[in-house]
Amino acid sequence: MRIEFQPGNYREVVCDLLAYPVFEDEASDLASLKSLDQITRGAVGSVIASREFKPELHLTCRICKPAGLKARNLLLVGAGKKSNFHPAKLREVAGTVVRNAKSRACKNVAFFCREILPASLACRLAAEGALYADYEPGLYKTRDNEPESVDTLRLLFERRVARGEAEEGIRRGIITGEATNHARTLSNEPSNILTPSQFAERAMTMGASAGLTVQVLERDELEKLGMNTLLAVGRGSEEPPKLIILRIRGQEKRRAGSPLFALVGKGVTFDSGGISIKPPEKMEEMKGDMAGGAAVLGAMLALAQLRPRRHVIGLIPAVENLPSGKAIKPGDVVRSYLGKTIEIVNTDAEGRLILADAMAYARTLGAGCIVDIATLTGAIAIALGHVNAGILGTDQKTIDRILKNCSVTGEKFWQLPLDDEYRKAIRSDIADLKNVGNRAAGAITAAKFLQEFAEDTPWTHLDIAGVDLDSDGRPFACKGATGYGVRTLVHLLE
Ligand code: BES
Ligand code: ZN
Ligand code: ZN
């Protein structure tokens, strides 16, 4: 899809579909829609008055061959209440427009940006939303006809907008939008295709073209380093584990005084639970247990192109968690890279094990600030459902920044506590700690476990287990992997 800024009046735009967002509040008072209504000789007022069109968020109404416009179709798209409006809604509305256009084979689309946000931000959000909406899974369908796609999206404004400002917004939106879709593709890949080795391969090929240096630590190197918890999780599988390390080319020389940010993403390419095997229901969804790793790769691909001032590295421990004669067993004890010993009481609590070694290694590499992202616990979905992801940690400054950005990223987070008292649940009789608590506060005790490996390095933990997958689809997105976290990490570091 080509996305471009279009100066001039929407009346003059020749296209298959011109989309015009309408706020709910405008349904009762048509004053702000007066000029559109007049141009279309009352068509807009009439669909609103007749209730054919209710401008609730994401509802649409198509007016064919509208009078007074050069567009073949006018699409009125509900933008919800103006008082509830926040920037992330624009991304969704642009997405709804693109999916509507796709479903009716409209190739050439124009989107009118209402006067509500700075032009560069509006352009960025619209571009991100458009690419997000255009994405389709079905990677392995053998079909005659490709799914429809929009060829061109032009962004229009009422006021005069500087071209440079609009184009910079679009550029950033395309970078982040594409990076998010890369993360979605990786998460949607079945585990027979996306093995840890294939994950590393893809990081190398995608990274090379975006401006990343990609280093992959192989099993023998992990053994030499003593990353025994990472190795322990991977031991049941024929597929060797990998530690993927991503650096931005040109950031080699770090300015003294600025902390190195490490993004650490859980990369379990399939989580069967291991010997503590999972029940079969929805086990297929565990091909997406590397969504945190995909978000880190996506964010690093975007950041390499956006060139942030902050120094950042990405680490993705990638493994497959399977039962076998070689697999770790409940009760086994391993010594982690940091030196702390762990009693593995449940082999299905594997994410925290691989993150423990990767986080400790990030500190060896000089990380002064850690953000980890993981489909870590089913408990987070019990607590927060599929609406908010969990955020916990010791780095309140970063947590606050992430929470503040939610209204722009559209990725919601809700903070959970990390009181010392929760630590008790992961005390072991035989080792320094055990990898599971009891059923209570499962998302928090998982985070308490990770905290042991961040020690005093400021650390933020994002538990995306409830939001990495959308099983229903939305008006602005197909179902499947969401790429959750890419935008959060990009905005944080930008
Ligand atoms: N990958 C799962 C968490 C998960 C569950 C992600 C559902 C997405 C959807 C994780 O490795 C896991 O199995 N966690 C266990 C921990 C338990 C054994 C303490 C869980 O949540 O049940
Ligand atoms: Zn598990
Ligand atoms: Zn898992």
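Reference entry: report on the structure contained in this document. Everything numeric here is computed off the predicted structure, so don't read it as measured data.

A few words now on the coordination of the zinc ion (ligand 2). Coordination of the zinc ion (ligand 2) by the protein involves Asp271 (OD), Asp348 (O), Asp348 (OD) and Glu350 (OE), with metal-donor separations of 2.0 to 2.2 Å. For the zinc ion (ligand 2), the six donor atoms in the first shell make angles of 71 to 166° at the metal, a pattern classed as irregular. All donors of the zinc ion (ligand 2) belong to a single chain; written as a sequence motif, their spacing is D-x76-D-x1-E. Between the zinc ion (ligand 2) and the zinc ion (ligand 3) the interatomic distance amounts to 3.2 Å, and Asp271 serves as a bridging ligand to the pair. Of this pair, Asp271 sits in strand β10 (residues 267–271) while Glu350 sits in the loop between β13 (341–344) and α10 (351–364); the two residues are 79 residues apart in sequence, bridging distant segments of the chain. Taken individually, Asp271 and Glu350 each receive the classification buried, so the pair is uniform in this respect.

So, about the nonpolar core. Counting residues in each nonpolar core, the largest one holds 52 residues, and the members touching the most others are Phe199, Leu212, Ile244, Leu246, Leu263, Leu297 and Met300. In terms of residue count, helix α9 (residues 291–306) provides more of this core than any other element does, 12 residues in total. Excluding its chain neighbours within four sequence positions, the residues that come into contact with Leu212 are Gly207, Leu246, Arg247, Ile248, Arg249, Leu297, Met300, Leu301 and Ala304. Val233, Leu355, Ala358 and Leu416 belong to the second largest nonpolar core, which has 50 residues in total.

Residue placement: Thr40 occurs in the loop between α1 (34–39) and α2 (43–49). For Thr40, a relative accessible area of 2% translates into the label buried. Sequence spacing of Thr40 and Asp400 is 360 residues, and the spatial spacing of their C-alpha atoms is 46 Å. Once residues lying within four places of it in the same chain are set aside, the contact partners of Thr40 are Ala67, Leu69 and Leu74. Here Leu36 takes part through its backbone oxygen, which lies 2.9 Å from a polar atom of the side chain of Thr40.

Turning our attention to the packing of α10 against helix α13 (residues 442–454). Where α10 contacts α13, the axes come no closer than 8 Å and their chain directions differ by 25°. Considered as vectors, α10 and α13 are oriented roughly parallel to each other. At the point where α10 passes α13, the crossing takes the right-handed sense. Facing Arg352, Leu353, Leu355, Ala356, Met359, Ala360 and Arg363 of α10, the residues of α13 in contact are Ala446, Phe449, Leu450, Phe453 and Ala454. By residue class, the composition of the contact of α10 with α13 is 10 nonpolar, no polar and two charged.

Here we take up the site of ligand 1. The immediate surroundings of ligand 1 are formed by 15 residues, with Lys278, Asp289, Asp348, Glu350 and Gly378 found nearest. Here an oxygen atom of ligand 1 sits 3.2 Å away from a polar atom, N or O, in the side chain of Lys266. Glu350 has a polar side-chain atom sitting 2.8 Å from an oxygen atom of ligand 1. Classifying every residue of the shell around ligand 1 gives four nonpolar, four polar and seven charged.

Those protein atoms acting as donors to the zinc ion (ligand 3) are Lys266 (NZ), Asp271 (OD), Asp289 (OD) and Glu350 (OE), and they sit at 2.0 to 2.4 Å. Coordination at the zinc ion (ligand 3) is octahedral: its six donor atoms span angles of 78 to 173° at the metal. When the donor residues of the zinc ion (ligand 3) are listed from N- to C-terminus, their spacing reads K-x4-D-x17-D-x60-E. Relative accessible area serves as the criterion here: at 1%, Lys266 is assigned to the buried category.

How each quantity is defined
For every chain, the first residue of its written sequence is number 1, and the numbers climb from 1 along that sequence. The naming scheme follows written order: chains are lettered A onward, ligands numbered 1 onward. In keeping with the predicted nature of the model, local features appear solely for residues at pLDDT of at least 70, side-chain atom pairs appear and are counted solely at 80 or more, and the whole-chain, interface and lining totals rest on all residues. Based on all heavy atoms of the structure, the side-chain values leave hydrogens and waters out of the count. Only nitrogen, oxygen and sulfur atoms qualify as donors, provided they sit within 2.8 Å of the metal or within 3.2 Å for Na, K and Ca; with water excluded from the atoms, sites may seem incomplete. Irregular is the label for any site that misses the other tests, which are tetrahedral for four donors with all angles between 85 and 135 degrees, and square planar for four donors or octahedral for six when opposite donors exceed 155 degrees and the remaining angles lie between 65 and 115. The helix count covers DSSP runs of H or I at least four residues long, the strand count covers runs of E at least two residues long, and both are numbered beginning at the N terminus. Each residue is placed in one exposure class: buried if its accessible area under a 1.4 Å probe, protein chains only, is under 20% of its type's maximum, exposed if it is over 50%, and partly exposed if it falls in between. We define a nonpolar core as any set of buried Ala, Val, Leu, Ile, Met, Phe, Trp, Tyr and Cys residues linked to one another through side-chain atoms lying within 4.5 Å. Any two residues whose heavy atoms approach within 4.5 Å are treated as being in contact. What qualifies as a polar contact is a pair of N or O atoms within 3.5 Å, subject to a donor-acceptor requirement within protein and to the restriction that residues adjacent in sequence count only when both atoms come from side chains. Here an axis means a line fitted to C-alpha atoms, over the contact stretch when the element is a helix, while the angle between two N-to-C directions is reported on a 0 to 180 degree scale. Under this scheme an angle from 65 to 115 degrees is roughly perpendicular, one under 35 degrees roughly parallel, and one over 145 degrees roughly antiparallel; angles in between are oblique. Crossing handedness: left-handed means the near helix sits turned counterclockwise from the far one by under a right angle, and right-handed means the same turn made clockwise. Any residue outside Ala, Val, Leu, Ile, Met, Phe, Trp, Tyr, Cys, Pro, Asp, Glu, Lys and Arg is labelled polar, Gly included; the first ten of those are nonpolar and the last four are charged. Consider each residue's heavy atoms; a residue with any of them within 4 Å of a molecule or strand counts as near.

All we've got here are geometric facts, nothing functional implied.
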